[in-house]
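# Understanding the architecture of this molecule
Listed here are the chains, written in short residue letters.
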Amino acid sequence: MATVKMLNMAGEEAGTVELSDDIFGITPNQNAVHAVVVNYLANQRQGTQSAKNRGEVRGGGKKPFRQKGTGRHRQGSSTDPSQVGGGVAFAPKPRDYRYTLPKKLRRLAMKSALSSKVEENEIIVLDALSFAEPKTKEMVKVLDNVKAEKKALIVMAEKDDNVVRSAANIRGVRTTIVTAMNVYEIINHTSFIATKDAINKIEEVYS
């Protein structure tokens, strides 16, 4: 098992925590991570783009100009995609981009993303993270104390409104809970900050 330092909110060492090799110590599978990230981004698409094809634009009833003598190419309709104001060739239409991937692949990608954070020393484990009231200044101080990068993902075992609201106005910082975290956000943030309870829950969920 990998052993990492555990810090408190002041950035001081507060012991160590052992991470399960089955979740935090595998050889990252980049193909699985890529497939899940592409799937996540596709599922975020609204799919509302739309344009008119030549059968939907107005006009087209009359031949725009005579067949010969104008020096221009022959044209039988003003709705042709080559004409100004004509329809769009292969016009995009509203569609659903969502698709699902096998559960085993998704779990492999999650373990790969978590293992890469340990491998690259980008994981920060806190013994606890809580505030008496929402304070952005206090969250900034904690992030400075633990030497987190500008892009940081804070993972909690359960939602804490004070923590969420304290981080809401900090650019590049996101908060989530274990059951809602995803591979894209893990690899898109440099620092992966998790409480000890969150680590325990991750091992419980993905064991």
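Note that this is a predicted model, so its numbers are computed, not measured.

As a further point, take the overall build of the chain. If you tally the helices and strands in the chain, you get 7 helices and 6 strands. Over its C-alpha atoms the chain spans a radius of gyration of 26 Å, topping by over 25% the 17 Å that the globule rule assigns to 207 residues. Oriented by its inertia axes, the alpha-carbon framework of the chain measures out at about 90 × 40 × 25 Å. Residues classed as buried in the chain amount to 38% of the 207 residues present.

A few words now on the pattern of salt bridges. According to the stated counting rule, one finds 7 salt bridges in the structure shown. Across the salt bridge formed by aspartate 80 and arginine 54, the nearest N and O atoms sit 3.2 Å from each other. With aspartate 80 in the loop between α2 (30-44) and α3 (103-119) and arginine 54 in the loop between α2 and α3, this pair connects stretches of sequence that are 26 residues apart. The class for aspartate 80 is buried, based on a relative accessible area of 16%. The class of arginine 54 is partly exposed, set by a relative accessible area of 40%.

Right, let's talk about the pairing of strand β4 (residues 152-156) for a bit. Among the 5 residues of β4, 5 are classified as buried, and the element is accordingly described as predominantly covered. Of the two faces of β4, both are covered, the one formed by Ala152, Ile154 and Met156 as well as the one formed by Leu153 and Val155. Here β4 runs beside strand β5 (residues 173-177); their pairing, made up of 5 bridges, is parallel. Across the sheet, residue isoleucine 154 finds its bridge partner in β5, namely threonine 175. Between the parallel pair β4 and β5, the chain is carried across by helix α5 (residues 161-167), and the sense of this crossover is right-handed. Two elements, β4 and strand β6 (residues 191-195), share 4 bridges in a ladder whose sense is parallel. What sits directly across from isoleucine 154, in β6, is isoleucine 193.

Attention now goes to the sheet that holds strand β3 (residues 123-126). The 6 strands are arranged β2-β1-β3-β6-β4-β5 in an open sheet whose pairing can be described as mixed. Where the open sheet ends on each side, the last strands, each with one partner, are β2 (13-19) and β5. Taken pair by pair, the neighbouring strands of this sheet meet at an average axis angle of 30 degrees, ignoring direction.

Okay, the layout of surface pockets next. Of the volumes computed, that of the largest pocket is approximately 430 Å³. If you trace the largest pocket, you find 18 residues lining it, with Val36, Asn39, Arg106, Met181 and Asn182 closest to the centre. At 5 residues, α2 tops the list of elements feeding residues into the lining of the largest pocket. Residues belonging to the lining of the largest pocket are distributed by class as follows: 9 nonpolar, 5 polar and 4 charged. Looking at the second largest pocket, its volume works out to about 330 Å³. Considering the residues around the second largest pocket, the lining is formed by 14 residues, among which Leu7, Asn121, Ile123, Ile124 and Val146 are closest to the centre. At the level of secondary structure, the elements contributing two or more residues to the lining of the second largest pocket comprise β1 (2-7) and β3. By residue class, the composition of the lining of the second largest pocket is 7 nonpolar, 3 polar and 4 charged.

This paragraph deals with the packing of α2 against α3. At a minimum axis separation of 8 Å, α2 and α3 run at an interaxial angle of 110 degrees. Comparing their axes, α3 and α2 come out roughly perpendicular. Handedness of the α2/α3 crossing: left-handed. Within the contact between the two elements, α2 uses Ala32, Val33, Ala35 and Val36 and α3 uses Leu105, Arg106, Leu108, Ala109, Ser112 and Ala113. Among the residues making up the contact of α2 with α3, the classes are represented as 8 nonpolar, 1 polar and 1 charged.

On the secondary structure map, asparagine 200 appears in helix α7 (residues 196-206). Asparagine 200 sits 160 residues away from tyrosine 40 along the chain, and the two C-alpha atoms are 25 Å apart.

Rules behind the numbers
- Residues numbered from 1 in each chain as written.
- Predicted model: local features only at pLDDT ≥ 70, side-chain atom pairs only at ≥ 80, totals over all residues.
- Heavy atoms only, no water.
- Helix = DSSP H or I, 4+ residues; strand = E, 2+ residues; numbered from the N terminus.
- Rg over C-alpha atoms; globule rule 2.2 N^0.38 Å.
- Buried < 20%, exposed > 50% of the residue type's maximum accessible area, 1.4 Å probe, protein only.
- Salt bridge = Lys/Arg side-chain N within 4 Å of Asp/Glu carboxyl O.
- Pairing = 2+ DSSP bridges.
- Right-handed = clockwise from strand over helix to strand, strands pointing away.
- Axes fitted to C-alpha atoms, helices over the stretch in contact; angles between N-to-C directions.
- 1 Å grid on protein atoms, 1.4 Å probe; cavity = no way out; pocket = protein on both sides within 12 Å on 5 of 7 lines; lining within 4 Å.
- Points joined across faces, edges and corners; volume = space filled by probe spheres on them.
- Nonpolar A, V, L, I, M, F, W, Y, C, P; charged D, E, K, R; others polar.
- Parallel < 35°, antiparallel > 145°, perpendicular 65-115°, else oblique.
- Left-handed = near helix turned anticlockwise from the far one by under 90°.
- Contact = heavy atoms within 4.5 Å.

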